[in-house]
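Chain residues, written in single-letter form:
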Amino acid sequence: MFIRTAKDIASELNFVSGFKQRDCLKQIVTYLCDSDYHNVLCLSGLRRTGKTTLMEQAINALPENDRDKAFFIIVRSDDLTWQVVDAIKVMKDKGFHYAFIDEATRAEDFMKNASLYADGSARLDHMKVVLSGTDSFSFIRTAQHELYDRARSVRTTYMSYREWKRLSTKSGLDAYLRYGGIFDKTWMPHANDEKNEGFSDADAAGRYVATAIAKNIQNTLRHENYEDSFGALRDLFRADELVSAIQRIIQDNNHNFGLDVLASVFKSRDFSFARDSLAYAKNFERRSMLLKKLNAKPIIERLRRDLHIINPEEAKIPLTKVHTTEIEEFLKALDVIVEVPVKAITDIPYLQPKRLSSQPGMRYAQAFALLEALSESPAFIHAENHDKDLSKERVMSAAVGAMLEDAILLDTMRASDGFQVFKYRLDTQYIAGVEYDMILRDPDTKKCVVIEIKHSNARNEKQLRAFRHTAFNEQFENTIGKIERKIVLYGGEPYCTEDGIYYINYEDWLTSLDNGVRYSLDYTIKKIEEPYEHTIPLP
């Protein structure tokens, strides 16, 4: 292990003092400054979501006379937990009080002996202990079986749009969808010219999946506590096929874990959607047969290789339901995939929940990889510019529209303010395929706000189809609750139709969620109803 005191890292602490702060820093500082010595704090999240910076900023936030009482221990894979705890005791005897244990889950016996941090270092030695690491699943399992109620948790993987906008030098919701919730060098006040990799292209995104997610899972699997479980995932990792399965899930618009997604011949849903919607567009000027005429096979094959996806005939390990269940459990534990309920009246016997991705940049990189594969196809290169432009636009709009819906649903769920947040779909032999993208339901009054999400700056009648579908809305009110307000979230200016349907800019909606959904509704509606007297400030 390596031990470094606050004095040893004075230059690093000075360096991060100029950084903007993540919202969750308050939780860490609160833990460090309170008088409860029965808990440790577990700081977990994917790689490059700011864990080390948060710990350094937490030291800077301590009272000035306490900062020199902080120290870091960087754990190595050959360290044991009791050795780290002994080192904390030695530092305590030297007058130190705040222990930051980086990569705590690397210790071989972490999951067996993590309680030593709470019972020994925190409770007996009266130390404040922050455990950090990328292995979120090990922290979750340890909290369940070793630490119980002796651990507080701060997780960094998810970053809301409003937080990202405050921290990033980039601007706009489209930039958030592209770069996702990871830190890059351009956010630093002293940035250099080194290329930021992040989700810049398919290869970079693939490496992130391999290092931040697949290796995260590998670290969990290597603990002896898992020898009798997650065997299917261990086999996939050993066969170098785990990244392929994860990329397939991210590529699917609903992030499905079914065998129809994971064990079938790879197909690009973005390509299929763009091809069919362009070929059958009602507006003749927006119609193109280019993608229909192209030989899609070499384009999809290149995309498959770029995304490191393996087809069934190449796989060493045939995928089963056991594999899909284990992958699902891990991706949820890592906060990569989040579920939102879908309430429906449908003839389909089982309707899956809507799955959201907390890292939209991964999905964006995949769509961009398709665009590159398409643009370098000889037949595409020699096509008419009008057809090429339409095709490129539609390929990206299909993916970005799905990512936009994910981002809005996820941010709204996290700021729900007592509202139930879900999707609603009606799909029967009488009314087919009509849905609302998001419902906000007050469980006390049963009144609902129904919302459609559109990746567009323009208004048109097609966006209002569900709102004006009489039978659909009657069925909704009979089963879910009274519709109090109808809203379209889109990229244009605030507006209200003659029949009371509100158009709200989705950036206004997302940036006003800091104080919860009720505030956001009040703020964005008043911006339309009282455009000149609107005085509610954004937080």
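Coordinates for the structure precede this section.
Residues numbered from 1 in each chain as written. Predicted model: local features only at pLDDT ≥ 70, side-chain atom pairs only at ≥ 80, totals over all residues. Heavy atoms only, no water.

Student: Teacher, can you tell me more about the overall build of the protein chain here?
Tutor: Counting secondary structure elements, the protein chain contains 23 helices and 15 strands. Within the protein chain, the fraction of its 539 residues that count as buried is 53%. Counting contacts in the protein chain only where the partners sit at least 6 residues apart, residues at least 24 apart contribute 72% of the total. As displayed, the protein chain offers around 24,100 Å² of accessible surface, 49% of which is attributable to carbon and sulfur atoms. (Helix = DSSP H or I, 4+ residues; strand = E, 2+ residues; numbered from the N terminus. Buried < 20%, exposed > 50% of the residue type's maximum accessible area, 1.4 Å probe, protein only. Contact = heavy atoms within 4.5 Å. Areas by Shrake-Rupley, 256 points an atom, 1.4 Å probe, with all protein chains shown as cover.)

Student: I would appreciate a short explanation of the sheet that holds strand S1 (residues 2-5) in the present structure.
Tutor: The strands that make up a sheet pair up through hydrogen bonds in the backbone, lying either parallel or antiparallel. If you trace the six strands from one edge of the open sheet to the other, you get S1-S3-S4-S5-S2-S6, paired in mixed fashion. Of all the strands in the sheet, just S1 and strand S6 (151-155) have a single pairing partner and so form its edges. This sheet shows a mean twist of 20° between the axes of neighbouring strands, independent of strand direction. In this structure, strand S2 (residues 40-44) lies alongside strand S5 (residues 128-133), joined through four bridges in parallel fashion. Residue Leu43 lies in a different strand from S5, and its bridge partner there is Ser132. With respect to the sheet, helix H7 (residues 136-147) is in contact with S2, S5 and S6, its orientation differing from that of S2 by roughly 155°. (Pairing = 2+ DSSP bridges. Axes fitted to C-alpha atoms, helices over the stretch in contact; angles between N-to-C directions.)

Student: Looking at this model, I keep getting lost on the nonpolar core. Mind explaining?
Tutor: In globular proteins that are soluble, nonpolar side chains generally tend to be buried together. With 65 residues, the main nonpolar core has Ile408, Met438, Leu440, Ile487, Leu489 and Trp509 as its most contacted residues. It is helix H20 (residues 385-414) that provides the largest number of residues to this core, a total of eleven residues. Apart from residues lying up to four places away in sequence, Ile408 is in contact with Met438, Ile453, Leu489, Tyr506, Trp509 and Leu510. Grouped together as the second largest cluster of nonpolar side chains are 48 residues, Ile9, Phe96, Ile101 and Leu147 included. (Core = buried A, V, L, I, M, F, W, Y, C linked by side-chain atoms within 4.5 Å.)

Student: How should the pattern of salt bridges be read in this particular structure?
Tutor: Side-chain pairs of opposite charge can arise whenever the charged atoms involved come near each other. Counted according to the given criterion, the structure contains 38 salt bridges. The partner of Arg155 in a salt bridge is Asp335, and the shortest N-O contact between them spans 3.0 Å. Of the two residues, Arg155 sits in strand S6 while Asp335 sits in the loop between helix H17 (321-333) and strand S7 (337-340), which places them 180 residues apart along the sequence. Given the relative accessible area of 34%, Arg155 is considered partly exposed. You can call Asp335 buried: its relative accessible area is 13%. A salt bridge links Glu507 to Lys165, with the nearest nitrogen and oxygen atoms 3.9 Å apart. A residue pair is termed long-range when its members are at least 10 positions apart, and Glu507 in helix H22 (residues 506-511) and Lys165 in helix H8 (residues 161-167) qualify at 342 residues. The network of salt bridges with common partners includes Glu405, Lys423, Arg425, Glu435 and Asp437. (Salt bridge = Lys/Arg side-chain N within 4 Å of Asp/Glu carboxyl O.)

Student: Just to check I follow, could you spell out the environment of Leu331 for this structure?
Tutor: Structurally, Leu331 can be placed in helix H17. For the pair Leu331 and Ile217, spaced 114 residues apart in sequence, the C-alpha to C-alpha distance is 9.1 Å.

Student: I tried to follow the side chain of Ser44 on my own but got confused; where do I start?
Tutor: Among the structural elements, Ser44 can be located in strand S2. Setting aside anything within four residues of it in sequence, one finds Ser44 in contact with Lys51, Gly133, Ser136, Phe139, Val154, Arg155 and Thr156.

Student: Explanation requested: H7 in the structure shown.
Tutor: One turn of an α-helix holds 3.6 residues; hence residues three or four places apart share an orientation. Between its first and last C-alpha, H7 extends only 14 Å over twelve residues, short of the 16 Å set by a 1.5 Å rise per residue. Within H7 the residues assigned to the buried category are Ser136, Phe137, Ser138, Phe139, Thr142, Glu146 and Leu147. Phi turns positive, to about 50°, at Tyr148, one or two residues after H7. (Expected span 1.5 Å × (residues − 1).)

Student: What's the story with the packing of aromatic side chains in this structure? I'm lost.
Tutor: The description of an aromatic ring pair rests on the distance of the ring centres and on the angle between the ring planes. If you walk through the whole model with that rule in mind, you get 15 aromatic pairs. Seen in terms of ring centroids, Tyr161 and Tyr176 are 5.5 Å apart; in terms of plane orientation they differ by 65°. Their pairing is edge-to-face. A residue pair is termed long-range when its members are at least 10 positions apart, and Tyr161 in helix H8 and Tyr176 in helix H9 (residues 173-179) qualify at 15 residues. Take Tyr161: its relative accessible area is 0%, and that puts it in the buried class. (Phe/Tyr/Trp six-rings, centres within 6.5 Å; stacked < 30°, edge-to-face > 60°.)

Student: Could you clarify how one ought to interpret the side chain of Ser391 in this entry?
Tutor: Here Ser391 lies in helix H20. With a relative accessible area of 0%, Ser391 lands in the buried category. Here Asp387 takes part through its backbone oxygen, which lies 2.8 Å from a polar atom of the side chain of Ser391. Ignoring anything within four residues of it in the chain, the contact list for Ser391 reads Leu278, Ser288, Leu290, Leu291 and Phe380. (Polar contact = N/O pair within 3.5 Å; in protein donor to acceptor, adjacent residues only side chain to side chain.)

Student: When you look at the pairing of strand S12 (residues 447-453) in this model, what are you seeing that I'm missing?
Tutor: Here S12 lies mainly inside the structure; six of its seven residues are buried. Alignment of strand S11 (residues 434-441) against S12, held across four bridges, turns out to be antiparallel. When the sheet's bridge partners are listed, Leu440 is paired in S12 with Val449. Linking S11 back to S12 in an antiparallel pair, the connection comprises five residues, with Lys446 at a positive phi of about 65°. Bridging between S12 and strand S13 (residues 482-490) involves seven bridges; their strand directions are parallel. In the sheet register, Ile451 faces S13, and the bridge partner there is Ile487. With respect to chirality, the unit in which S12 leads through helix H21 (residues 470-479) into the neighbouring parallel S13 is right-handed. (Right-handed = clockwise from strand over helix to strand, strands pointing away.)

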